[in-house]
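Spelled out from the first residue to the last, the chains are:
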Amino acid sequence: MTLTELKYIVAVAREKHFGHAADACYVSQPTLSVAIKKLEEELDVKLFERSAGEVTVTPLGEEIVRQAQSVLEQAAAIKEIAKRGKDPLAGPLTLGVIYTIGPYLLPELVRHSIARTPQMPLMLQENFTVKLLEMLRTGEIDCAVLAEPFPDTGLAVAPLYDEPFMAAVPSAHPLAVKKTVSAEELKSETMLLLGAGHCFRDHVLEVCPEFARFSSNAEGIRKSFEGSSLETIKHMVAAGMGVTLVPRLSVPRDAMLTVSRRRKSDETYVRYLPIREADGGPPPMRRVVLAWRRSFTRYEAIAALRNAIYACELPGVTRLS
């Protein structure tokens, strides 16, 4: 039994396809298949059920793959310990970020990271929360910036900041003249939502639960609202198609200036309004955190990443320590 063979079975379990697993391991499919067959013969167990176009892991194979992943992580930890003896920040750090954070945090974060730890380049992966949690579990990424809540998977979690939501309305909309807006006032509006899979969609529905009726099987143009990015939805707002909620960091800097101070080239067709609670409580917000596997040994790298995030300007959010 070799680490290479363990890497192969973990790849097949992840990809559910021998060809794709071979590509991910940078070997030919026959090489991968022969190695896995050899391991199955050595263990005298069947790890995978092979059928036309589909590969499934056997129940016993599931246990062996989990143990193989743990062994691979421990082997990688040995290398990391050796690296830390020379430079604990040497080598790339693979960072996952959800779609509604990446475009607004990464530009400044990458600049600070290059300036502070040039020997630790960030390898970036943008995806949905569920996928990033799976990638953390399998070791495809080292850490991830996520928004709570998410399933407890035994990860180490450090809070970064609390980010309020803001309402985005067309500049010609009656609500645009207000200084703040309440969830009650948004109930009668056409709400533009992100598609299923985006955690921010769930956050919006917590603030305005009545819009849950815009489901994935809705008819007509409302269905197209669900497949959009935040930036595309903001363009829809500008076009007068409805209103939406956005995280504070996604609000363009100059959009928070008074109308008289904005340049003509700025986003002038959307008005961003703070959301007030009817009972005077805190406005709706999300908590953004950094998560990593407890078995990940590059503690200094995690600390350096957190410091780079704290060095970002992050307007309008409440930093957490």
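Above this note sits the structure.
Residues numbered from 1 in each chain as written. Predicted model: local features only at pLDDT ≥ 70, side-chain atom pairs only at ≥ 80, totals over all residues. Heavy atoms only, no water.

Student: Please provide a residue-by-residue account of empty space enclosed by the protein, values included.
Tutor: Across all of its chains, the model carries two cavities of 30 Å³ or more by this definition. In this structure, the largest cavity occupies an estimated 50 Å³ of space. Residue lining of the largest cavity: Ile98, Tyr99, Thr100, Asn127, Phe128, Thr129, Gly197, His198, Cys199 and Phe200, and that is the complete set. Among the residues forming the lining of the largest cavity, the class breakdown is five nonpolar, five polar and no charged. Roughly 30 Å³ of internal volume is contained in the second largest cavity. Considering the residues around the second largest cavity, the lining is formed by Leu192, Leu193, Leu194, Phe200, Arg201, Val204, Leu230, Ile233, Thr244 and Leu245. Of all the secondary-structure elements, those providing two or more residues to the lining of the second largest cavity are helix 8 (199–207), helix 10 (230–238) and strand 8 (244–247). Tallying contributions element by element places helix 8 first for the lining of the second largest cavity, with three residues. Tallied by class, residues from the lining of the second largest cavity come to eight nonpolar, one polar and one charged. (1 Å grid on protein atoms, 1.4 Å probe; cavity = no way out; pocket = protein on both sides within 12 Å on 5 of 7 lines; lining within 4 Å. Points joined across faces, edges and corners; volume = space filled by probe spheres on them. Nonpolar A, V, L, I, M, F, W, Y, C, P; charged D, E, K, R; others polar. Helix = DSSP H or I, 4+ residues; strand = E, 2+ residues; numbered from the N terminus.)

Student: Would you mind going over the nonpolar core in detail, with residue names and values included?
Tutor: With 44 residues, the main nonpolar core has Leu95, Leu105, Leu109, Val145, Tyr161, Leu290 and Leu305 as its most contacted residues. Excluding residues that lie within four positions of it along the chain, Leu95 makes contacts with Leu106, Leu109, Leu122, Met123, Leu124, Gln125, Cys143, Ala144, Val145, Leu290 and Leu305. Val169, Cys208, Leu230 and Val251 belong to the second largest nonpolar core, which has 32 residues in total. (Core = buried A, V, L, I, M, F, W, Y, C linked by side-chain atoms within 4.5 Å. Buried < 20%, exposed > 50% of the residue type's maximum accessible area, 1.4 Å probe, protein only. Contact = heavy atoms within 4.5 Å.)

Student: Can you lay out the side chain of Asp162 for me, pointing to particular residues and giving the numbers?
Tutor: Take Asp162: it is sitting in strand 6 (residues 156–170). Under the relative-accessibility criterion, Asp162 is labelled buried at 11%. Engagement of the side chain of Asp162 in a polar contact is seen with the side chain of Arg287, the distance being 2.8 Å. Sequence-distant contacts of Asp162, that is, excluding residues within four places in its chain, are made with Met285, Arg286, Arg287, Val317, Thr318 and Leu320. (Polar contact = N/O pair within 3.5 Å; in protein donor to acceptor, adjacent residues only side chain to side chain.)

Student: Give me unusual backbone geometry: which residues, what numbers.
Tutor: Between Glu148 and Pro149 the backbone carries a cis peptide bond, its omega angle lying at 5 degrees. The topology assignment puts Pro149 in the loop between strand 5 (143–147) and strand 6. Even without being glycine, Lys16 reaches a positive phi, approximately 60 degrees. Positive phi, normally seen in glycine, also occurs at Leu314, with a value near 50 degrees. On the secondary structure map, Leu314 appears in the loop between helix 11 (299–310) and strand 11 (318–319).

Student: Describe in detail the layout of surface pockets, supporting the description with residues and values.
Tutor: Estimated volume of the largest pocket: approximately 940 Å³. Lining the largest pocket are 31 residues, and of these Leu72, Ala76, Thr138, Gly139 and Glu140 sit closest to its centre. For the lining of the largest pocket, the secondary structure elements donating two or more residues are helix 1 (3–15), helix 2 (18–25) and helix 4 (59–86). Considering each element in turn, the lining of the largest pocket owes the most residues, nine residues, to helix 4. For the lining of the largest pocket, a count of residues per class yields 13 nonpolar, eight polar and 10 charged. What the second largest pocket holds in volume is close to 340 Å³. Around the second largest pocket sit 17 residues that line it, and Tyr104, Glu108, Leu249, Arg253 and Pro315 are the ones nearest its centre. The residue makeup of the lining of the second largest pocket, split by class, is 11 nonpolar, one polar and five charged.

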